[in-house]
Every structure is written in C-alpha cells, then in structure tokens.
Amino acid sequence: MEMNEYQRESRKTAKYPEVGSNFIYPTLGLAGEAGEVAEKIKKVLRDKGGVMDDATRDAVKKELGDVLWYVAQLATELGLSLDDVATANIEKLFSRMDRGKLGGEGDER
C-alpha cells in the first residue's frame, strides 16, 4: 500500500472531536500509542531476556499500525501528505549521512 493511499483510506475511520480542524487529538494519540510500543519492548527486556518472540512481534506490529494511523491523521490535520513527509525525512537523513552527521544532537545538524 502506498503512503498517500493509506492516508486517504485511514481518514475514513477518523472519528474524534472536530475532525478537520483538530491537530491536538491525533498528537496526543500518537504519544499514547508510541508509549504502548515502548511498553511492549520494555517488557521484552524485563520478562523475556531481550528475546523477541512471534507473539510480541505481532503485538508490536499492531501498535505500530496505531502509531501510523495517528501520524496519518496528524499529517492530514496539518495539510501534509504522508508521501511528502516521508520524502522530506529521507532527504534530511541522506543529507546528514552525506555530511557525516547521522549521530549527534540537534535538529539542524
């Protein structure tokens, strides 16, 4: 599935207050879902000696889908396409790589 197609299709399921003018709701949802991914990974370390099993991988996959849904809704609320977001990110990363700046700190490195 292409990113913009996902964005269009997922938008059909967006049911939250003031869809179309509410960037706060998907931002908060994104933070919550990212936290759920982190919790599942944390429990791999705590309970499974750092070994990822198939059940946990599937659970993380579902949570990553929720993260993607909120990213898509936030992008839509901001008038951005996922294709444009992805393209800009790859360009930024390759620029950093070309300049030897993948590591370190700061958004503008």
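Residues numbered from 1 in each chain as written. Predicted model: local features only at pLDDT ≥ 70, side-chain atom pairs only at ≥ 80, totals over all residues. Heavy atoms only, no water.

Participant: Describe the environment of aspartate 84, naming the residues involved and giving the relevant values.
Facilitator: If you trace the backbone, aspartate 84 turns up in helix H4 (residues 82-98). Here aspartate 84 falls in the exposed class, since its relative accessible area comes to 53%. (Helix = DSSP H or I, 4+ residues; strand = E, 2+ residues; numbered from the N terminus. Buried < 20%, exposed > 50% of the residue type's maximum accessible area, 1.4 Å probe, protein only.)

Participant: Quick rundown of the environment of valine 67? Include the residues and the values.
Facilitator: Mapped onto the elements, valine 67 comes out in helix H3 (residues 54-77). Under the relative-accessibility criterion, valine 67 is labelled buried at 17%. A sequence separation of 36 residues divides valine 67 from glycine 103, and the C-alpha atoms of the two residues are 25 Å apart. Residue contacts for valine 67: discarding those within four places in its chain leaves Leu30, Glu33, Ala34 and Val37. (Contact = heavy atoms within 4.5 Å.)

Participant: How would you explain helix H1 (residues 3-11) if you had to name every residue and give the values?
Facilitator: Listing the buried residues of H1 in full gives Tyr6, Gln7, Ser10 and Arg11. End-on view of H1: buried residues confined to an arc of 125°, all on one side of the axis. Where the residues of H1 are buried, they touch H3 and H4. (Arc of directions from axis to C-beta.)

Participant: Please set out the pattern of salt bridges residue by residue, giving values where relevant.
Facilitator: Within this structure, the stated rule accounts for 6 salt bridges. Between lysine 42 and glutamate 39 there is a salt bridge, with the nearest N and O atoms lying 3.0 Å from each other. On the criterion of helical spacing, the pair formed by lysine 42 and glutamate 39 is a turn pair, its members being 3 residues apart in helix H2 (residues 24-48). Among the residues examined, glutamate 39 registers a relative accessible area of 35% and is labelled partly exposed. A salt bridge links arginine 46 to aspartate 47; its shortest N-O distance comes to 2.7 Å. (Salt bridge = Lys/Arg side-chain N within 4 Å of Asp/Glu carboxyl O.)

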